[in-house]
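# Summary of the model geometry
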Amino acid sequence: MAYSLQIKELIYLMYNNEKKTINKLSIENCEKLNNAVIFRENSKFSLAINCLEEMQGNNLENPIISYNMALTYYSYGNYHLKKNNYILAVNCYQKAILFFDDNQNNFLTDIYIKLAHCFQNMKDYENMKVSHESLIKLENKPLISYGFLLYSKLCCADFNGRDELLNNIKEGLKIGSATITPFTSILVTDDPKIQFLASKNYCNEYLKVEKKFSPVHTNKYKNKKIKVAYISSDFHNHATSHLMVDMLEKHNKDKFEYYCFSYGKNDNSEISQRIRKIFDNFYLVNDKSDEEIASMIRDLEINITVDLKGHTKQNRLNIMSSRPSPIQVSYLGFPGTLGTKFIDYLIMDNYIINSSNRKFFSENIIYMPSSYQCNSNFSKDIQYHDREYFNLPKDKFILCSLNNSQKYNKKLLNSWAKILKNNSNTVLWLLDDNDLVKENILILFASKNIDLKRIIFSPRVDTKEHLSRMSLADLFLDSFPCNAHTTASDALLVDLPIITLSGKSMSSRVTGSFLSVLNLEELIANDYQEYEEKINYYISNQTKLTQIKQKININKNLVLFNSEKISRDIEKAYEKIWSNFINGKKIADLQIK
């Protein structure tokens, strides 16, 4: 009979390694095995499994059958994963594990990574962590497994073993290994060198750099208007769109020709519709490859491409790696350096990047004259309610931190526990991310003898309701080492004072940037002791707190929520970097005034 190429190779390998095994297979079973492989190669997985199950009867211990059963379930899992059928993919991967032996390290590595990915999308963070724990036990695991497990612990609010993992991660980074994703690094340390190495090592190991678009761009562009393209997956009901929409609407189309490349979901939300109306050139490119999108950018002769994702979920940095435009900029999406060689500029400000941390950014810096982050003003859309409407206590001083729970850590929560102990009339208001996170946070507070009735959890809501209820808090407690970003600007929009702790890295200095623009440096702490002292002070001095709220109300629209100003400032930057390019000037840091 005619055997498939794969079955011939398999029989050859098994024959040379285990002659007795191959002798145990009858001609009939060899035919079934061949059929199973053909079915698998043609994505007819159920038929392949049926063939293999028929063979199993008297050959339960035969490694050829076990290997093929494992490979079939593995391939079946990949098939479901591509279609985002996560539950079915998990079922197949778990069955594959039962048939693979411990020597199949490469397959098991891939399976555990994909299992974790499935569980993450299913919001089953406990099993995501279990998958990463299984991954880290493999003998030849990739070193980034340490970072994966640490991220799982962040998603679960599992505070145990984090320091040990981080120490292993740091040692690996120092010798050039990718041991953590750049995104996880900003959540667990404010050391700018560690964050820089995380991005640099990750890019060196995992980011594909295409060569086919590499020739140096000519500077003989004849278009009268500067062509600027924004590229992201977040042009839907996402924080990035909420931050940017006002600024984008203020862009000057007489001087610039703006393009938008969207490779994310289209939810037809109100914010999505506003974004679409802004651009005369809006491209949905979900179904296109990185290479195809890069070709579009090049064919349209885009002058400046602005990536709004960086090292965040669903990014497609490989589009930029082929250098489809002469100038490439990183902005807003990722609060740190990308560590690449193909991003020319990072848009920042003088508070966040200073003389101490500048060397840990691979990009040239465009320093904005005020805070780097654009902010939209949704205050006119807010329908305000009282505390009773949101089931909040009327007579308590509400400390609020409606942040993503991944930003919480034991040191931060211990600090909040001390504040609660010192101020009996306070409650702490947190975001209810998931039951597991809630349980682990409550366990920690219980261990500090905090009455758990004083910890309030609220679910996620839409932006307008989120702003309405946040206005009812008395004081916002910032997270560290990764500050609130969008949530911090939300708080300031509704005149809610924030006590922040500014560290050394970009991600730990964002809220401080906002407060410095508002001339509220008195709300910025430099260490945990000062952070706690400031919080305790304003809890006890509500007259001062009222004055702070009034100051926020007066100052916020002058700069921080002045979309007209930040639009003009960022367009000054675009004009300057394009002028420097066409005049052959060397790329360097740039101060916008």
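Please refer to the structure higher up on the page.
Right, let's walk through the structure included here. None of the values given here were measured: they were computed from a predicted structure.

What counts as what
- Residues numbered from 1 in each chain as written.
- Predicted model: local features only at pLDDT ≥ 70, side-chain atom pairs only at ≥ 80, totals over all residues.
- Heavy atoms only, no water.
- Helix = DSSP H or I, 4+ residues; strand = E, 2+ residues; numbered from the N terminus.
- Buried < 20%, exposed > 50% of the residue type's maximum accessible area, 1.4 Å probe, protein only.
- Contact = heavy atoms within 4.5 Å.
- Areas by Shrake-Rupley, 256 points an atom, 1.4 Å probe, with all protein chains shown as cover.
- Right-handed = clockwise from strand over helix to strand, strands pointing away.
- Pairing = 2+ DSSP bridges.
- Salt bridge = Lys/Arg side-chain N within 4 Å of Asp/Glu carboxyl O.
- Axes fitted to C-alpha atoms, helices over the stretch in contact; angles between N-to-C directions.
- Parallel < 35°, antiparallel > 145°, perpendicular 65-115°, else oblique.
- Left-handed = near helix turned anticlockwise from the far one by under 90°.
- Nonpolar A, V, L, I, M, F, W, Y, C, P; charged D, E, K, R; others polar.
- Phe/Tyr/Trp six-rings, centres within 6.5 Å; stacked < 30°, edge-to-face > 60°.
- Lys NZ or Arg CZ within 6 Å of the ring centre and 35° of its normal.

Before going further, it helps to examine the overall build of the chain. Scanning the chain for helices and strands turns up 24 helices and 14 strands. Expressed as lengths along the three principal axes of its C-alpha atoms, the size of the chain is roughly 90 × 70 × 45 Å. When each of the 593 residues of the chain is scored for burial, the buried share is 58%. Counting contacts in the chain only where the partners sit at least 6 residues apart, residues at least 24 apart contribute 69% of the total. In the form shown here, the chain has an accessible surface area of approximately 26300 Å², with 47% of it arising from carbon and sulfur atoms.

Moving on to the side chain of lysine 309. Along the chain, the position of lysine 309 falls in the loop between strand 4 (304–307) and helix 16 (318–321). If we skip the residues at most four places from it in the chain, lysine 309 touches Ser232, Ser233, Asp234, Tyr263, Gln314, Asn315, Gly333 and Phe334.

Attention now goes to the pairing of strand 9 (residues 426–431). With respect to burial, strand 9 is a largely interior element, six of its six residues being buried. A two-sided burial pattern is seen for strand 9, the buried positions comprising Thr426, Leu428 and Leu430 on one face and Val427, Trp429 and Leu431 on the other. Note on the crossover from strand 8 (residues 397–401) through helix 17 (residues 410–422) to strand 9: the handedness is right-handed. At this point the chain moves from strand 9, through helix 18 (residues 435–447), to the parallel strand 10 (residues 455–458), and the crossover so formed is right-handed.

Adjacent strands of a sheet form backbone hydrogen bonds with each other and so pair up, either parallel or antiparallel. Read across the sheet, eight strands follow the order 3-2-1-4-5-6-7-14 without closing on themselves; strand pairing throughout is parallel. Bordering the open sheet on either side are strand 3 (281–284) and strand 14 (590–591), each of which pairs with just one other strand. Sheet topology note: the strand 1 (residues 226–232)/strand 4 ladder contains four bridges and is parallel. If you follow alanine 229 over to strand 4, its bridge partner there is threonine 305.

Once that is clear, we can look at the pattern of salt bridges. Here the structure, examined in full by the defined rule, presents 23 salt bridges. Salt-bridge contacts for lysine 418 lead to glutamate 532; the nearest nitrogen and oxygen are separated by 3.2 Å. In this pair, lysine 418 sits in helix 17 while glutamate 532 sits in helix 22 (residues 528–540), placing the two residues 114 residues apart along the sequence. On the basis of relative accessible area, lysine 418 is assigned to the partly exposed category, the value being 45%. The network of salt bridges with shared partners includes Glu126, Lys129, Lys153 and Asp158.

Two elements in contact, helix 4 (residues 45–56) and helix 5 (residues 63–82), have axes whose closest approach is 10 Å; the angle formed by their N-to-C orientations is 160°. Taken as axis vectors, helix 4 and helix 5 run roughly antiparallel relative to one another. In terms of crossing hand, the pair formed by helix 4 and helix 5 is left-handed. Every residue of helix 5 that contacts helix 4 at Phe45, Ser46, Ala48, Ile49, Leu52, Glu53, Met55 and Gln56 is listed here: Ile65, Asn68, Met69, Thr72, Tyr73, Ser75, Tyr76 and Tyr79. Of the residues contributing to the contact of helix 4 with helix 5, the split by class is 10 nonpolar, five polar and one charged.

Moving on, we get to the sheet that holds strand 8. Taken in spatial order, the six strands line up as 10-9-8-11-12-13 in an open sheet, and their pairing is parallel. At either margin of the open sheet sits one strand with a lone partner, and together these are strand 10 and strand 13 (524–525). Both strand 11 (residues 475–477) and strand 12 (residues 498–501) contribute to a ladder of two bridges, which runs parallel. Pairing of phenylalanine 476 across the sheet is with isoleucine 498, part of strand 12. Seen against the sheet, helix 18 touches strand 9 and strand 10 and runs at an angle of roughly 170° to strand 10.

Of note, the amide linkage connecting phenylalanine 480 to proline 481 takes the cis form, showing an omega dihedral of 15°. Along the polypeptide, proline 481 turns up in the loop between strand 11 and helix 20 (486–493). Backbone geometry places asparagine 519, a non-glycine residue, at a positive phi of 60°. Position of asparagine 519 relative to the elements: it lies in the loop between helix 21 (510–517) and strand 13. Its relative accessible area of 45% is what places asparagine 519 among the partly exposed residues.

Quick look at helix 13 (residues 239–249) now. Residues that lie three or four places apart on an α-helix share one face, since the helix turns once every 3.6 residues. Most of helix 13 sits out of view: nine of its 11 residues are buried. Looking only at helix 13, the buried set comprises Thr240, Ser241, His242, Leu243, Met244, Val245, Asp246, Met247 and Leu248. Elements that come into contact with the buried residues of helix 13 comprise strand 1, helix 14 (270–278), helix 19 (463–470), helix 20 and helix 24 (563–582).

Here the focus is the packing of helix 3 (residues 27–41) against helix 5. Orientation of helix 3 relative to helix 5, taken along the N-to-C sense of each, is 15°, at an axis distance of 11 Å. Classified by the angle their axes make, helix 3 and helix 5 are roughly parallel. Remark: the crossing between helix 3 and helix 5 carries left-handed chirality. Listed contacts from helix 5 to Leu33, Val37 and Arg40 of helix 3 are Ile64, Asn68, Leu71, Thr72 and Ser75. A per-class count over the contact of helix 3 with helix 5 returns four nonpolar, three polar and one charged.

Moving on: the packing of aromatic side chains. Using the criterion set out here, one finds 22 aromatic pairs in the structure. Their ring planes at 10° and their centres at 6.1 Å tell us that tyrosine 230 and tyrosine 258 sit as a pair that is stacked. Remark: tyrosine 258 occurs in strand 2 (residues 256–262) and tyrosine 230 occurs in strand 1; sequence separation between them is 28 residues. Accessibility assignment for this pair places tyrosine 230 and tyrosine 258 in one class, buried. On the numbers, 6.0 Å between centres and 85° between planes, the contact of tyrosine 528 with tyrosine 531 is edge-to-face. Highlighted residues: tyrosine 528 and tyrosine 531, both in helix 22, separated by three residues, approximately one helical turn. Tyrosine 528 gets classed as buried once you look at its relative accessible area, which sits at 13%. Classification of tyrosine 531 as buried rests on a relative accessible area of 1%. One aromatic cluster is present, formed by Tyr67, Tyr74, Tyr93, Phe100 and Phe107 through successive ring pairs. Cation over ring: arginine 316 sits above tyrosine 263, and NZ or CZ is 5.3 Å from the ring centre.

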